[in-house]
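# What the coordinates show
Residue-level listing of the chains:
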Amino acid sequence: MGQRASTGLTTFYQFWCYVTPLLGAYIADAHWGRYKTICWAVVIALIGHIILIISGVPGVIEKSGTGMFKANISPLVAEQYKRTKLFVITTKSGERVIVDPSLTTLRVYMYFYELINFVGFWLAYTLPTIVFLLCPIILYLGRNRYSRSPPTGSVLATALRLWRYAARGKWSLNPVKTYKNLTAPGFWENAKPSKVVGERPAWMTFDDQWVDEVQRGLKACAVFFCFPLYWLTYNQLNNNLTSQAATMTLHGIPNDVLSNLDPFALIILIPICDLFIYPALRRMGINFSALKKITLGFFTGLLPWLGRRCHYIYKTNPCGDQASLCDGVSPLNVWIQSGSYILIAISEIFASITGLEYAFTKAPKNMRSLVMSVFLFMSALSSALGEPSSVTLSADPLLVWNYGVMGVLALVTGIVFWWSVRDLDAREDELNNLAEGHVGIHNENEKH
């Protein structure tokens with residue numbers, strides 16, 4: 001169907017897949033809870049898999065099931081670990097050590113990310129369907145063992161009312177003054193129930209700690225706003241690099257096989273980071289915080305897109321810069337692309353996995369699915385941004401420019417990201433150790 005059409009179609013499916021978690025998050029947080037939502041998501045996804053087997057055509061129903069699944073499965077897994085504050089334990093050798101729950105949550109997400117990369121290359125639709133059939137069995141067997149967070153109604157509406165209440169009197173015709181007022185350190189203080197003078201609004205059924213948690217969750221969502229540009233560069237992995245491989249000497253290897261290097265590299269590198277690199281950095285006294293990891297992930301993501309390889313493909317191809325239309329191929333070995341896949345895998349470990357962990361640890365307990373869906377929605381935005389480029393730059397002879405633009409975007413995004421979060425990074429431990437907030441406490445008191 002041509003490189004532009006195939007890239008555009010792939011980009012649309014990625015967009016749909018990461019828009020639907022917003023709906024799944026709302027259903028889980030407000031009505032069903034994460035466990036019930038995941039159970040229904042599994043049913044819908046299984047129907048989609050069956051349609052895929054029968055027709056062989058990717059279906060929209062499967063993507064809807066994915067949306068309900070993605071926003072809830074990783075928070076449900078991470079919620080099984082109960083600790084939220086630093087604590088001290090004594091080892092068998094008698095040594096007293098401090099245990100940081102945020103590091104345990106990071107480890108949970110690292111191995112969660114590793115497991116979802118074991119099945120990445122669909123040799124046939126039947127294989128993933130067979131694997132997926134294990135999900136309802138596991139969910140049923142563990143139904144009485146999971147720690148479940150019950151739905152609490154539409155806390156999103158309460159959070160929006162909270163923000164609107166805090167913003168009273170802070171608007172100005174001067175946009176600079178408005179921005180300063182809305183981002184001032186004490187912006188949320190007057191919205192805390194303990195600071196309200198007189199009768200409280202009927203919707204203010206939460207405590208001061210929940211206000212702090214909402215503030216922290218919104219800051220996390222602000223952190224995610226740089227991710228669409230990161231995912232825009234990452235998405236070259238699934239379309240343009242695969243098409244480019246077909247213009248090189250394959251030595252009997254299908255051009256889409258190399259894309260499996262990314263999950264293979266993740267499977268190998270995640271335990272290395274968890275067991276060796278991260279502990280070594282902590283022993284050396286280096287605070288490799290979540291936001292530092294994400295920043296390094298952005299910078300690592302720029303390296304595969306410097307455009308030099310594509311330039312040499314054009315230079316050595318019999319048809320020059322029309323390589324994709326040529327019957328001949330470049331003598332360059334397709335395996336020179338392997339470095340790009342490995343670098344992207346390293347970038348994922350730093351940026352993507354840490355982003356999942358950051359979304360979970362910074363969200364209020366009753367808004368975790370929602371905040372996770374916002375993080376996943378950034379991928380949908382990147383797909384929307386990628387549609388114009390799939391029509392313009394994703395074809396010969398413009399691929400050199402395409403990769404060059406991606407490299408520059410990753411560099412600029414990394415710089416802007418660190419500049420915008422450097423103050424937040426300094427408060428990492430403070431934010432991780434906020435007291436847990438509660439919603440509905442006043443209504444409960446009225447019953448008594």
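Our subject is the structure listed above.
Thresholds applied
- Residues numbered from 1 in each chain as written.
- Predicted model: local features only at pLDDT ≥ 70, side-chain atom pairs only at ≥ 80, totals over all residues.
- Heavy atoms only, no water.
- Helix = DSSP H or I, 4+ residues; strand = E, 2+ residues; numbered from the N terminus.
- Expected span 1.5 Å × (residues − 1).
- Contact = heavy atoms within 4.5 Å.
- Core = buried A, V, L, I, M, F, W, Y, C linked by side-chain atoms within 4.5 Å.
- Buried < 20%, exposed > 50% of the residue type's maximum accessible area, 1.4 Å probe, protein only.
- Phe/Tyr/Trp six-rings, centres within 6.5 Å; stacked < 30°, edge-to-face > 60°.
- Salt bridge = Lys/Arg side-chain N within 4 Å of Asp/Glu carboxyl O.
- Disulfide = S-S within 2.5 Å.
- Patch = residues over 30% accessible without salt bridge, like charges linked within 9 Å, V, L, I, M, F, W, Y side chains within 5 Å.
- Areas by Shrake-Rupley, 256 points an atom, 1.4 Å probe, with all protein chains shown as cover.

## Some thoughts on helix H8 (residues 155-166)
The end-to-end C-alpha distance of H8, which contains 12 residues, comes to 16 Å, matching closely the 16 Å that a straight helix rising 1.5 Å per residue would cover. Among the structural elements, helix H10 (208-223) are those in contact with the buried residues of H8.

## What about the nonpolar core?
Counting residues in each nonpolar core, the largest one holds 58 residues, and the members touching the most others are Phe 224, Phe 227 and Ile 349. With 11 residues, helix H16 (residues 338-362) is the largest single contributor of residues to this core. With sequence-adjacent residues up to four places away left out, Ile 349 is seen in contact with Met 110, Leu 266, Leu 269, Ile 270, Cys 273, Tyr 278 and Thr 354. Ranked by size, the runner-up nonpolar core spans 18 residues in total, among them Leu 162, Phe 187, Trp 210 and Met 367.

## Some words on the packing of aromatic side chains
One pass over the structure, following the stated rule, counts 19 aromatic pairs. The interplanar angle of 45 degrees and the centroid separation of 5.7 Å between the aromatic rings of Tyr 35 and Tyr 146 together place this pair among those described as tilted. Here Tyr 35, found in helix H3 (residues 34-55), pairs with Tyr 146, found in the loop between helix H7 (134-141) and H8; they are 111 residues apart in sequence, far enough to count as distant. The exposure class of Tyr 146 is partly exposed, given its relative accessible area of 24%. Residues Trp 163 and Trp 171 carry aromatic rings whose centres are separated by 5.9 Å and whose planes lie at 75 degrees to one another, so their mutual orientation is edge-to-face. Relative accessible area serves as the criterion here: at 33%, Trp 163 is assigned to the partly exposed category. In this structure Trp 171 comes out as exposed when scored by relative accessible area, which is 54%. An aromatic cluster is present here, built from Phe 224, Phe 227, Tyr 230, Trp 231, Tyr 234, Phe 298, Phe 375 and Phe 417 joined pairwise through their rings.

## With respect to the pattern of salt bridges
Where charged atoms of side chains with opposite charge meet at close range, the side chains can pair. Under the defined criterion, the tally for this structure stands at 8 salt bridges. Lys 292 is the partner of Asp 425 in a salt bridge, and the nearest nitrogen-oxygen pair spans 2.7 Å. With Asp 425 in helix H18 (residues 399-426) and Lys 292 in helix H14 (residues 290-300), the pair connects residues that are 133 residues apart, well separated along the chain. According to the relative accessible area criterion, Lys 292 is partly exposed, its value standing at 29%. Ionic pairing is found between Arg 427 and Glu 430, a salt bridge with its closest N-O pair at 3.2 Å. Overall, the relative accessible area of 46% leaves Glu 430 in the partly exposed class. In this structure, a network of salt bridges that share partners links the residues Glu 189, Lys 192, Lys 195 and Asp 212.

## Re the state of the cysteines
Where two cysteines share a covalent bond between their sulfur atoms, that bond is called a disulfide. Under the definition given, this model contains 1 disulfide. Across the disulfide, Cys 319 is cross-linked to Cys 326 (sulfur-sulfur distance 2.1 Å). Where Cys 319 bonds to Cys 326 through sulfur, the torsion about that S-S bond is close to 65 degrees, and the disulfide is right-handed.

## Re a nonpolar patch on the surface
A contiguous nonpolar surface patch, about 600 Å² in accessible area, is contributed by Val 131, Leu 134, Ile 137, Ile 138, Tyr 140 and Leu 141. Here the nonpolar patch takes 5 residues from H7, the largest share from any one element.

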